[in-house]
Structure formats: structure tokens, C-alpha cells
Amino acid sequence: MPTLATELDVLTRFGRALADPIRCRLLLALREAPAYPSDLAEALGVSRTRLSNHLACLRDCGLVVAVPQGRRTRYELAHERLGHALDDLRTAVLAVEADKSCVDAAEKGCC
């Protein structure tokens, strides 16, 4: 059974990954299908360098994996359950308070 410290670490890593809009978009794109960095950079409209930094963060958080394919590397979610978790989280947040945004919270000094 996981300890409280382990559970907190997992949630903290997930929260860190979701704290940036580009990483959120990456996770959502990879939820749809595995992809190569060049395709992801083009789809998201970001530079390859910026994308690489975000992919490194997601790898460090344990949410995505790099799969070598010849001379290229494809990225995918580390586990199919992550895609379901993203869907569940999005649905839950929308169900609770669809009219709230982090901008409102940030202006109040709580984020």
C-alpha cells in the first residue's frame, strides 16, 4: 500500500506537469496518439527547443516515455491510464466549477 509521502509525490509530479499550458497541450495531444517531436512542435506552434524542454519535464515527472524508432524518437504517455486520468480530471473540474479560472485565483494571490 502506498504511503502518504508516495501519494503526495505522485500528485505533486502530476500537478507540476499540468502547471504549464504547453505541457497540458502535449499531454492531450499524446492522449490522442503517440507522436514525434517535430510533429508535436508543429501542431502546438512552439519551437523544437521549447518543446524539448517540456518533454523533458514530462519525462522527469514519469508521465511520458521516449520510444526509440531507428534514428527517431517517438513520445507517448507512460501508461494508458494517464489518458483516462486526464479525461476524468477535466470532466470533474468542469462538473464542479466550469466558470472558474486560475486567472481569477492568481489575481487573489492564491496561486
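Numbering of residues begins from 1 in every chain and follows the order in which that chain's sequence is written. The predicted nature of this model means local features are confined to residues of pLDDT at least 70 and side-chain atom pairs, given and counted, to a pLDDT of 80 or more, with totals for whole chains, interfaces and linings taken over all residues. Processing note: side-chain calculations cover all non-hydrogen atoms of the structure and skip hydrogens and water entirely.

Peer 1: I would appreciate a short explanation of the nonpolar core in the present structure.
Peer 2: Proteins that are soluble and globular tend to have nonpolar side chains buried together. For this analysis, a nonpolar core means a set of buried residues of the types Ala, Val, Leu, Ile, Met, Phe, Trp, Tyr and Cys, connected via side-chain atoms within 4.5 Å. We call a residue buried when its accessible area falls under 20% of the maximum for its residue type, exposed when it is over 50%, and partly exposed in between, using a 1.4 Å probe and counting protein chains only. Judged by nonpolar contacts, the single largest core of 22 residues is most densely connected at L26, L27, L30, L51, L58, L63 and V64. Secondary structure elements with two or more residues in this core: α1 (4-18), α2 (21-32), α3 (37-44), α4 (48-60), β2 (72-77) and α5 (80-97). Residue contacts are defined here by distance: any two heavy atoms, one from each residue, within 4.5 Å place the two residues in contact. Those residues in contact with L26 that sit more than four places away from it in its chain are L40, L44, L51, H54, L55 and L58. Numbering of helices and strands starts at the N terminus; helices are DSSP runs of H or I of at least 4 residues and strands are runs of E of at least 2.

Peer 1: Hey, could you run me through the pairing of β2 in this one?
Peer 2: Working note: regular strand, side chains alternate between the two faces of the sheet. Note: two strands are recorded as paired if DSSP finds a minimum of 2 bridges between them. Here 6 bridges tie strand β1 (residues 64-69) to β2, and the two strands are oriented antiparallel to one another. Within β2, the residue paired with V67 across the bridge is R74. Between the antiparallel neighbours β1 and β2 lie 2 residues, among them G70 with a positive phi of about 65°.

Peer 1: Where do I start with the packing of α2 against α3 in this structure?
Peer 2: Pairs of packed helices are described in terms of their axes, by the angle between the two and the distance that separates them. Here, axes are lines fitted to C-alpha atoms. For helices the fit covers the stretch in contact, and angles between N-to-C directions go from 0 to 180 degrees. For the pair α2 and α3, interaxial distance at closest approach is 11 Å and the crossing angle is 120°. Relative to α3, the element α2 is oriented oblique. Along this stretch, α2 crosses α3, giving a crossing that reads as right-handed. Contacts from I22, R25, L26, A29 and L30 of α2 reach α3 at L40, A43 and L44. Should an angle fall under 35 degrees it is taken as roughly parallel, and over 145 as roughly antiparallel, whereas 65 to 115 is taken as roughly perpendicular and any remaining angle as oblique. Whether a crossing is left-handed or right-handed is set by the direction in which the near helix is turned from the far one by less than a right angle, anticlockwise for left-handed and clockwise for right-handed.

Peer 1: In this structure, what is going on with the packing of α1 against α2? I would like to understand it.
Peer 2: Running from amino to carboxyl end, α1 crosses α2 at an angle of 100°, the nearest separation of the two axes being 6 Å. Regarding the angle of α1 to α2, the classification is roughly perpendicular. Facing R16, A17 and L18 of α1, the residues of α2 in contact are R23, C24 and L27. Throughout this entry, Asp, Glu, Lys and Arg are counted as charged residues, while Ala, Val, Leu, Ile, Met, Phe, Trp, Tyr, Cys and Pro are counted as nonpolar. The remaining residues, Gly among them, count as polar. Residue classes in the contact of α1 with α2 are distributed as 4 nonpolar, no polar and 2 charged.

Peer 1: Help me understand the pattern of salt bridges, please; the structure alone is not making it clear to me.
Peer 2: Close approach of charged atoms allows side chains of opposite charge to pair. Any carboxyl oxygen of Asp or Glu within 4 Å of a side-chain nitrogen of Lys or Arg constitutes a salt bridge here. One pass over the full model with this rule turns up 5 salt bridges. For D87, the salt bridge goes to R90, with nearest N and O atoms at 3.2 Å. On the criterion of helical spacing, the pair formed by D87 and R90 is a turn pair, its members being 3 residues apart in helix α5. A relative accessible area of 26% places D87 in the partly exposed class.

Peer 1: Explanation requested: the confidence of the model for the protein chain in the structure shown.
Peer 2: The predictor rates its confidence in each residue with pLDDT, a number between 0 and 100. Mean pLDDT over the protein chain: 87, with 87% of residues reaching 70 or higher. Highest mean pLDDT in the protein chain belongs to β2 (97); lowest belongs to helix α6 (residues 102-107) (52).

Peer 1: Hey, could you run me through α4 in this one?
Peer 2: Given 3.6 residues to a turn, an α-helix orients residues that are three or four positions apart in the same direction. Working rule for helices: expected span equals 1.5 Å times residues minus one. Taking 1.5 Å of rise per residue, 13 residues should cover 18 Å, and α4 covers 18 Å from first to last C-alpha, within 8% of that figure. By the burial criterion, the buried members of α4 are L51, H54, L55, C57 and L58. Buried residues in α4, looked at end-on, bunch into an arc of 155°, giving them a common side. In this structure, α4 carries T49, N53 and D60 as exposed residues pointing more than 90 degrees from its buried face. Looking at the buried residues of α4, the elements they touch are α1, α2, α3, β1 and β2. Our arc is simply the arc of the directions from the helix axis toward the C-beta atoms.

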